[in-house]
Amino acid sequence: MGIVNGKNFKGRVSEALKDQELRGNFRKAMDGLMTKRAAQFEDVDEWTRLRALGESIKKRALSKLPELLVQLEENLTKNGIKVHWAENVDQANEIILGILQSHDVKTVVKGKSMVSEEMELNHFLEPHGIKALEADLGEYIVQMAEEMPSHIIMPAIHMNKGQIAKLFEDKLPGTPYTEDAAKLTEIARKELRREFAEAGAGLSGVNFAVAETGTLCLVENEGNGRMVTTVPPVHIAVTGIEKVVENLSDVPALLSLLTRSATGQPITTYFNMISSPRKKGEKDGPEEVHLVLLDNGRSDVYRDAETRDTLQCIRCGACMNHCPVYTRVGGHAYGGVYPGPIGKILTPQLEGLDNYPEHPSASTLCNACVEICPVKIPIAKMLVRLRDENAGNCPHGEHPVKGRGSKSSAVEHASWKGWKAMNANPTTYKVATKAMSKMGNLMPSSLPMLSEWTSVRSKPKFASQTLHDLVKKMDVKDD
Amino acid sequence: MSRTYPDKPQSVYFFGTCLVDLFYPKAGVAGIELIKREGVDVIFPQGQSCCGQPAFNSGHRDEAREVARAQLDLFPKNIPVVLPSGSCAGMMHKHYPELFEGDRDYDKACELASRVFELSDFLLNVLKVSLEDKGDPLKITWHGSCHSQREMGVREQPKELIKQLSNVELVELKREKECCGFGGTFAVRQPEISAAMVSDKVDDAEATGADKLISGDCGCMMNITGHMEHRSSDLSGQHLAEFLWERTNGDR
Ligand code: SF4
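What you see is a predicted model; the values in this text were computed from it and never measured.

Each value, and the rule that gives it
Residues numbered from 1 in each chain as written. Chains lettered and ligands numbered in written order. Predicted model: local features only at pLDDT ≥ 70, side-chain atom pairs only at ≥ 80, totals over all residues. Heavy atoms only, no water. Helix = DSSP H or I, 4+ residues; strand = E, 2+ residues; numbered from the N terminus. Polar contact = N/O pair within 3.5 Å; in protein donor to acceptor, adjacent residues only side chain to side chain. Contact = heavy atoms within 4.5 Å. Core = buried A, V, L, I, M, F, W, Y, C linked by side-chain atoms within 4.5 Å. Buried < 20%, exposed > 50% of the residue type's maximum accessible area, 1.4 Å probe, protein only. Buried area = accessible area lost by both parts, 1.4 Å probe. Salt bridge = Lys/Arg side-chain N within 4 Å of Asp/Glu carboxyl O. Nonpolar A, V, L, I, M, F, W, Y, C, P; charged D, E, K, R; others polar. Pairing = 2+ DSSP bridges. Phe/Tyr/Trp six-rings, centres within 6.5 Å; stacked < 30°, edge-to-face > 60°. Lys NZ or Arg CZ within 6 Å of the ring centre and 35° of its normal. Near = heavy atom within 4 Å. Axes fitted to C-alpha atoms, helices over the stretch in contact; angles between N-to-C directions. Parallel < 35°, antiparallel > 145°, perpendicular 65-115°, else oblique. Left-handed = near helix turned anticlockwise from the far one by under 90°.

This brings us to the side chain of Arg315(A). Residues and elements named next belong to chain A. Mapping Arg315 onto the fold places it in the loop between helix H13 (298-303) and helix H14 (318-321). Reaching out from Arg315, the side chain makes a polar contact with the side chain of Glu242 at a distance of 2.9 Å. The residues contacting Arg315, other than those within four sequence positions of it, are Ile152, Ile153, Glu242, Lys243, Leu258, Arg298, Tyr338 and Leu346.

Right, here's the structure in full:
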């Protein structure tokens, strides 16, 4: 990844925490999203059943992923959709460039696609004289602000109305300052309409790719998805290989989980099913449809039975909405395309722990994400696994995560060895805790770990007698 | 998350946890007293140390396993093991099976895990205590730890116990479910995020107008009360066991 990276995580966190407006924006937005989602799943039994179903659908699809991908390609091809395989981001970009150049495309209008963010497609196309224009309102706004999306569902959620109004005023000549959301949408729509009509190609993501029928499903709210997939003469869809599902009948449950978890909507305004280019006699639709299937490290994630669960993700974003860390620091702090809990486990797996060393530790393991993930991804368990790997302690030697051991430190290893020596033996434990009860309170607050702790907290006080000691004076047996 | 509760046993094991042992032993004593008052014998194996969670969560599974292994033989009788900490209970109940997967002690670890209970859950659902409040009127608020809530299914139990106290008014936090920012080594690995979280938590607690914040987990306690002291808040914190014992024993 070029412009994005995880290296300066702490620096960005620091900046984000200082920005009170940003913190306010996130808090308000996330509180609202949590409430809306909760209202959708008030019926606990229904939620329990539906998410178990969602999980099983994704698990089944993953269990036969290679076969399903082959089947998907066959059926898409039969339907007249051209399928391309890309092992990495560079290949995917080249494939798309090739398609665009062969049609002499100068402008491509885009629906929301996180995979295209992963590819930094817009930046890649620019020097080739191709303008990629985001058509999703949120994406349009962050593109105008020259930023990355800060959320996978709501890319501009970090901005409030005032900030967006100012942006429109600054960037779109002749636009007066207005905080009226309807007016702002109207302005964006007008700008975009013109581009839709003239664009040589449309690009979109994919929510579910159905192997059985060779159908690409696309969920959206604004109608821009429908525009980019029907108006321009060429439509290119791009997706990670994990988005394939087996049957058409698998879709309704996942769709319901997706929209309700994401925005608290029972259903979205648009649900597009793309099954072929325009056929003879049809009035609209592109003449050519392409699908680019991107791997970019996903098969490595797939190879390990434990990390494979990561690929169950349906990108609903609920985990970030419920994450106390994300709510405080926002999406940009992560420095990757996927922020929040899913980002913390997915990004280091795709891009390497050495590039995202702080991701696994940026969680209290509070499990709020695990509790709401509609497909039951064990995010906390995966974080712990990545911490093991980060420290070079991966017990699953066969399929280590990229960049494993990048945070391995001799001091840390030694202190945990010391901790073990103290706690794995009753005698050493007693000697050590006795000493600590006596002397512990004399430790200066400036000690490495203690100084971080005491920056906002008082120093913990060791009790003069341990529970072990107190219990001996009570009527309590030892065994 | 529901689990089947055993009938009231004649005796139980008590696992004090390392934080209680070193920093909050009074909470441990109170926990034991509360159980004993119900006519149940308490056994406290002196060989116990730590459940292994600090290392487990920090990515040092091997060290965690060896410390956990040292606890496995300390609770041989088929009676409940009660912990005054939802977090450590979660470690033993939920993560021991995972930690010992493929290990020679796997069966032993699973068996022990099945007998582990968090204290408030145990008092309410197994011992079915009814508490008589002997204290003065007091307004408190409750912080439930993430692991208690989400790994042990302990959400309402502590509040049910508090509600039994006739002179205590419980005011709920606005964001009761939200993490306080402790997370073990998280507090030192990501100090700035942790600071923001604990500060918001104390803001929330102060806004309730309560006199005290009660929690069932010493990690959260240390974090939250540590920050209260740091900012010289009027609020104080106390472990649930100590609070319940104090209110119902009448002599403190
Ligand atoms: S990890 Fe779960 S909650 Fe998060 S985006 Fe993916 S499916 Fe949604």
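Moving on: the nonpolar core. The biggest cluster of nonpolar side chains holds 150 residues, and the ones touching the most others in it are Leu100(A), Met119(A), Leu125(A), Phe208(A), Leu291(A), Val329(A) and Tyr96(B). Excluding anything up to four places from it in sequence, Leu291(A) contacts Leu72(A), Leu76(A), Ile81(A), Lys82(A), Val83(A), His84(A), Val206(A), Leu216(A), Ala237(A), Val238(A) and Thr239(A). In terms of nonpolar packing, the next biggest core, distinct from the first, is built from 62 residues, Leu467(A), Tyr24(B), Val198(B) and Ile224(B) among them.

Across the contact, 70 residues belong to chain A and 74 residues belong to chain B. In total, chain A and chain B occlude about 6300 Å² of area from one another, counting both sides; carbon and sulfur atoms represent 58% of this. Taken as a group, Trp416(A), Arg457(A) and Leu467(A) account for 11% of the area that chain A buries against chain B, more than any other trio of residues on that side. Where chain A packs against chain B, one counts 13 salt bridges. Residue Arg61(B) pairs with Asp388(A) through a salt bridge whose shortest N-O separation is 2.7 Å. For the pair chain A and chain B, the number of links is 36 residue pairs in polar contact (both at pLDDT 80 or more). With 7 residues, the top contributor of residues to the side of chain A that touches chain B is helix H19 (residues 410-423) of chain A. Classifying every residue of the side of chain A that touches chain B gives 30 nonpolar, 17 polar and 23 charged.

To continue, consider the sheet that holds strand S8 (residues 244-245) of chain A. Where strands meet in a sheet, backbone hydrogen bonds hold them as pairs that are either parallel or antiparallel. Residues and elements named next belong to chain A. Taken in spatial order, the 4 strands line up as S8-S5-S6-S9 in an open sheet, and their pairing is mixed. At either end of the open sheet lies a strand with only one pairing partner, and these are S8 and strand S9 (270-274). As paired elements, strand S6 (residues 215-220) and S9 share 5 bridges and run antiparallel to each other. Across the sheet, the residue bridging to Leu218 is Asn272, located in S9.

All names here are of chain A. Scanning the model with the defined rule gives 53 salt bridges over all chains in all. Between Glu242 and Arg298 there is a salt bridge, with the nearest N and O atoms lying 2.8 Å from each other. Pair noted here: Glu242 is in the loop between strand S7 (234-240) and S8 and Arg298 is in helix H13, with a separation of 56 residues, a long-range link. Using a relative accessible area of 2% as the deciding quantity, one classes Glu242 as buried.

Turning our eyes to something else, we now look at the environment of Lys279(A). On the secondary structure map, Lys279(A) appears in the loop between S9 and strand S10 (288-294). With 104 residues separating them in the primary sequence, Lys279(A) and Thr175(A) have C-alpha atoms 41 Å apart.

With that out of the way, let us pick up the packing of aromatic side chains. Scanning all chains against the criterion turns up 13 aromatic pairs over all chains. Where Phe117(B) meets Phe122(B), the ring centres are 5.7 Å apart and the plane angle is 55°; that geometry is what we call tilted. Across the pair, exposure class does not vary: Phe117(B) and Phe122(B) are buried alike. Here the aromatic residues Phe9(A), Phe26(A), Tyr326(A) and Tyr334(A) are joined through ring pairs into a cluster of three or more. Its end group placed over the ring of Trp47(A), Arg37(A) keeps NZ or CZ at 4.9 Å from the ring centre. We note Arg457(A) situated over the ring of Trp453(A); from NZ or CZ to the ring centre the distance is 4.4 Å.

This brings us to the site of the ligand. Taken together, Cys313(A), Ile314(A), Arg315(A), Cys316(A), Gly317(A), Cys319(A), Ile342(A), Cys373(A), Pro374(A), Val375(A), Ile377(A) and Ile379(A) are the residues near the ligand. Here the residues of the shell around the ligand sort into 10 nonpolar, 1 polar and 1 charged.

We now examine the packing of helix H5 (residues 86-99) of chain B against helix H6 (residues 106-114) of chain B. Between two packed helices, both the angle of their axes relative to each other and the distance between the axes serve to describe the pair. All names here are of chain B. Contact pair H5 / H6: the axes reach a minimum separation of 8 Å and the direction vectors enclose 160°. Regarding the angle of H5 to H6, the classification is roughly antiparallel. Seen along the crossing, H5 lies across H6 with a hand that is left-handed. Residue-level inspection shows Met92, His93, Tyr96 and Pro97 of H5 in contact with H6, the latter providing Tyr106, Ala109, Cys110, Leu112 and Ala113.

What follows deals with the sheet that holds strand S7 (residues 212-215) of chain B. All names here are of chain B. On the basis of which strands lie adjacent, the open sheet formed by 4 strands has the order S6-S5-S7-S8 and parallel pairing. Edge positions in the sheet fall to strand S6 (168-170) and strand S8 (236-239), since each has one partner strand and no second. Sheet twist, expressed as the mean angle between neighbouring strand axes with direction ignored, is 35°. The pairing of strand S5 (residues 138-143) with S7 spans 4 bridges and is parallel. Across the sheet, the residue bridging to Ile140 is Lys212, located in S7.

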